Amino acid sequence: MSLFKKIFSSDKKETLDKGLEKSKTSFFGKLSKAVAGKSKVDDEVLDNLEEVLVTSDVGVNTTLKIIERIEERVSKDKYMGTEELNTILREEIAGLLSETHVGEDADFAVPDDKKPYVIMVVGVNGVGKTTTIGKLAHQFKNKGLKVVLGAGDTFRAAAIDQLQVWADRVDIPIVKQKMGSDPASVAFDTLNSAEADNADVVLIDTAGRLHNKVNLMNELSKVKRVMQKVVPDAPHDVLLVLDGSTGQNAFEQAKQFTKATEVTSLAVTKLDGTAKGGVVIGISDQFQIPVKYIGVGEGIEDLQVFNKYEFVDSFFKL
Ligand SMILES: Nc1nc2c(ncn2[C@@H]2O[C@H](COP(=O)(O)OP(=O)(O)O)[C@@H](O)[C@H]2O)c(=O)[nH]1
Ligand SMILES: [Mg+2]
């Protein structure tokens, strides 16, 4: 418990609690019903718990894993009461979650031995890529980092304009070309400009066309290859953005993108608009890719570094 205390900054906790309001009220309501009138964890409680986890979009595989672990603990500790179930469930879920930042460093940061540090942001249309880039740029800038944006979603004019709006808002440079131009060429220009300006972080937006896996794969590989002409080990991070409110669909997208390119981290957005925040638990367990950021609103401050303790704590708080 003291660990929890240490890593929580109270401001951030408040926004996280608020952002996850829907998820946690729903999860808690269901969990309370699952154990109502029961004094000990028996098969019926476990069945109900299974249903709660599945309907919170934790996913079938991860749910079964959690249930198995709880069963194991129940069989060792024959008279486990329902009030202990909460604590144990929490422990098991926290144990499942992979995470990138631990403890005091749970903050927006990039390794300082890579300059510029290149983040390529991928994901299907509408999941929140551009918004997440804007919010991230804002956080990095606040940390004193020099940030450059690359408008690599050249598919729609509106996509370029939208990134421009964020660049103006955060007051940082953007590199762009006309609609329909080659995304790899935009990425190339962006990296050159970042090197010339001695920038610390580059965020590259991409188009999210998933209609054809081979096309997607080719396009992303080309963007990578061309970037490597400027920065040989770029991209340092391929951040896949998933819309947390789409539940099982987010799992499907994660499956497709991890097949098309090497995804190194995840951002799960729109957790404020869903009662199904459990998707974060299932996705990090199933894909073994760390969830780095979570989006809890449309505003510039509504992005958080994902921290499993805070998340689980928020999820389980009434
Ligand atoms: N409620 C909420 N809306 C979000 C969040 N992230 C993005 N959005 C909204 O989702 C919509 C699509 O976002 P956009 O960044 O354009 O997605 P893109 O097509 O992947 O670039 C916009 O209306 C955003 O304001 C979030 O965390 N919460
Ligand atoms: Mg976009």
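Cut-offs used in this document
- Residues numbered from 1 in each chain as written.
- Chains lettered and ligands numbered in written order.
- Predicted model: local features only at pLDDT ≥ 70, side-chain atom pairs only at ≥ 80, totals over all residues.
- Heavy atoms only, no water.
- Pairing = 2+ DSSP bridges.
- Helix = DSSP H or I, 4+ residues; strand = E, 2+ residues; numbered from the N terminus.
- Near = heavy atom within 4 Å.
- Polar contact = N/O pair within 3.5 Å; in protein donor to acceptor, adjacent residues only side chain to side chain.
- Areas by Shrake-Rupley, 256 points an atom, 1.4 Å probe, with all protein chains shown as cover.
- Contact = heavy atoms within 4.5 Å.
- Buried < 20%, exposed > 50% of the residue type's maximum accessible area, 1.4 Å probe, protein only.
- pLDDT = per-residue confidence, 0-100.

Attention now goes to the sheet that holds strand β8 (residues 303-305). With mixed pairing, eight strands are arranged side by side in an open sheet as β3-β2-β4-β1-β5-β6-β7-β8. Edge positions in the open sheet fall to β3 (174-175) and β8, since each of these has one partner strand only. Bridging between strand β5 (residues 237-243) and strand β6 (residues 265-269) involves five bridges; their strand directions are parallel. Bridge pairing in β6 links L239 to S265.

Now for the site of ligand 1. Taken together, the neighbourhood of ligand 1 is formed by 17 residues, with G126, K129, T131, D272 and E298 sitting nearest. Within the backbone of V127, an N or O atom sits 3.3 Å from an oxygen atom of ligand 1. Contact with the protein chains removes 81% of the 580 Å² of surface that ligand 1 exposes when unbound. Residue contributions to the shell around ligand 1 peak at four residues, all from helix α7 (residues 129-142).

You can see D153 is positioned in the loop between β2 (147-150) and α8 (157-170). A distance of 3.2 Å separates the side chain of D153 from the backbone nitrogen of F155, its partner in a polar contact. When near neighbours in sequence (up to four residues on either side) are disregarded, D153 contacts A159, I160, D205, T206 and A207.

A few words now on the pairing of strand β4 (residues 201-204). What you see with β4 is no split at all: V201 and L203 on one side and V202 and I204 on the other are buried throughout. Across four bridges, strand β1 (residues 117-122) lies against β4 in parallel orientation. Bridging across to β4, I119 finds its partner in L203.

Now for the confidence of the model for the protein. Residues of the protein with pLDDT of at least 70 account for 90%, and the chain-wide mean is 86. Residue range residues 1-9 is modelled with pLDDT below 50. Its contacts to residues more than four positions away, or to other chains, number 16 contacts.

It is worth spelling out the environment of A199 at this point. By the secondary structure assignment, A199 is in the loop between α9 (183-196) and β4. Look at A199 and you get buried, because its relative accessible area is 1%. Between the alpha carbons of A199 and V147 there is a distance of 5.9 Å; along the sequence they are 52 residues apart. With sequence-adjacent residues up to four places away left out, A199 is seen in contact with K115, P116, K146, V148 and A194.

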